[in-house]
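Observations on chain architecture
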Amino acid sequence: MAKTKVISVANQKGGVGKSTSVYCIGAGLALDGKKVLLIDVDPQGDLTKMLGLRKPHDLPRALGDVMSDVVSGKEIAEHTEIMHHHEGFDFVPGNRALSAVETGLVNVMSRETVLRQYVDSVKSDYDYVLLDCRPSLGMLVINALAASDYVLIPVQADYLAAEDMTELVGTVQQIKRQINPKLKIGGVFLTMANETNFRRDTVRAVKENFGKHLPVLQTVIPATVRLAEVSTADKSIFKHEPKGQAAAAYGGLVKEVLAIGEKQRGRSAQCR
Ligand code: ADP
Ligand code: MG
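Residues numbered from 1 in each chain as written. Chains lettered and ligands numbered in written order. Predicted model: local features only at pLDDT ≥ 70, side-chain atom pairs only at ≥ 80, totals over all residues. Heavy atoms only, no water.

On to the nonpolar core, then. In this structure, Ile39, Leu63, Leu115, Tyr118 and Leu131 are the most contacted members of the largest nonpolar core, which totals 50 residues. Listed in part, the 35 residues of the second largest apolar core include Val22, Tyr150, Val230 and Ala249. (Core = buried A, V, L, I, M, F, W, Y, C linked by side-chain atoms within 4.5 Å. Buried < 20%, exposed > 50% of the residue type's maximum accessible area, 1.4 Å probe, protein only.)

Pasting the structure below:
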């Protein structure tokens, strides 16, 4: 098997489509025959809910418990936290136990690499591991970035806040310098584009603003009711409306994700 790619989906702003994108990219990669693990690194457990576990806080074992075990040096003999989804991928649920872990990390040695220790112990079974980040730049997000080869940044089409991007990219670069030299920005992509906020030249405008420092992906994810429904449909967009424009858009994004680190070597090298 080729080397596993670990990819965080991050943006400190909430509601930009991170969790929906992790689900749909993961389902799309699985449709393409890839072995995929999704990890919910958000104490809110939104991804976990989308994947059908509606009460993430009642789960007997989730990512927070696993990270606590890593911190206390307990060996994880059986991976009961890894669940299988009917669309052909595995996932690790997340819940509010992660908040306690995040707070407790302050006093832990190697606090930035607790999640990486876990991811490194399970990733050899997978082609892709996708990490869904909480909307912050706190210690859980730092842990996700420290564990990743690439970060994907969804940006809402009508909210291209330059300061937010500068802050996020600054964090990525700091983690690259100090903790994880292999981390690269896999790309920025636009989400929730509609007729009022999306113009044909939006991608070009994003490229002009950020393109010098960041690879901007071609895919633009539309704002659609069908995608909003994915959070409660127990189906990714590829099952919910396989022939619609949203499935076509996420299909395009999956192709771009598959190309990250392959054809795009030159492009992602720009953001070193
Ligand atoms: P984040 O993880 O960044 O907070 P979510 O993926 O949870 O974002 O999306 C926020 C809300 O917007 C959710 O209710 C979700 O169902 C909805 N949503 C996500 N993507 C789209 C889209 N492209 N069009 C319309 N609604 C969307
Ligand atoms: Mg989310």
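Past the structure itself, the notes keep going.
What follows covers the sheet that holds strand β8 (residues 216–222). With mixed pairing, the eight strands of this open sheet are ordered in space as β3-β4-β2-β5-β1-β6-β7-β8. Two strands bound the open sheet, and with one partner strand each, they are β3 (83–84) and β8. Direction of pairing for strand β1 (residues 5–9) relative to strand β6 (residues 150–156): parallel, over a ladder of three bridges. The partner of Val9 across the bridge, within β6, is Leu152. Relative to strand β5 (residues 128–133), helix α1 (residues 18–31) is tilted by about 170°, and along the sheet it contacts β1, β2 (36–41), β5, β6 and β7 (184–193). (Pairing = 2+ DSSP bridges. Helix = DSSP H or I, 4+ residues; strand = E, 2+ residues; numbered from the N terminus. Contact = heavy atoms within 4.5 Å. Axes fitted to C-alpha atoms, helices over the stretch in contact; angles between N-to-C directions.)

Following the sequence through the fold, Thr219 ends up in strand β8. At 3.4 Å, the side chain of Thr219 forms a polar contact with the backbone nitrogen of Leu253. A polar contact of 2.6 Å, which involves the side chain of Thr219, links it to the side chain of Glu256. Residue contacts for Thr219: discarding those within four places in its chain leaves Phe189, Leu190, Ala249, Gly252, Leu253 and Glu256. (Polar contact = N/O pair within 3.5 Å; in protein donor to acceptor, adjacent residues only side chain to side chain.)

The buried fraction of β6 is high, at seven of seven residues. With burial as the criterion, each face of β6 is covered, one bearing Tyr150, Leu152, Pro154 and Gln156 and the other bearing Val151, Ile153 and Val155. Across seven bridges, β6 lies against β7 in parallel orientation. Among the inter-strand pairings, Pro154 is bridged to a residue of β7, identified as Phe189.

At a minimum axis distance of 7 Å, the contact between helix α3 (residues 63–72) and helix α4 (residues 97–104) shows a crossing angle of 30°. The orientation of α3 with respect to α4, classified from their angle, is roughly parallel. Handedness of the crossing formed by α3 with α4: left-handed. For the pair α3 and α4, contact is made by Leu63, Gly64, Met67 and Ser68 and by Ala97, Leu98 and Val101, respectively. (Parallel < 35°, antiparallel > 145°, perpendicular 65-115°, else oblique. Left-handed = near helix turned anticlockwise from the far one by under 90°.)

Moving on: the site of ligand 1. Neighbouring ligand 1 are 16 residues, the closest being Gly15, Lys18, Ser19, Thr20 and Pro222. Contact between ligand 1 and Thr20: an oxygen atom at 2.6 Å from a side-chain N or O atom of the residue. Coverage of ligand 1 by the protein chains reaches 79% of its 550 Å² of free accessible surface. Secondary structure elements with two or more residues in the shell around ligand 1: α1, β8 and α9 (225–233). (Near = heavy atom within 4 Å. Areas by Shrake-Rupley, 256 points an atom, 1.4 Å probe, with all protein chains shown as cover.)

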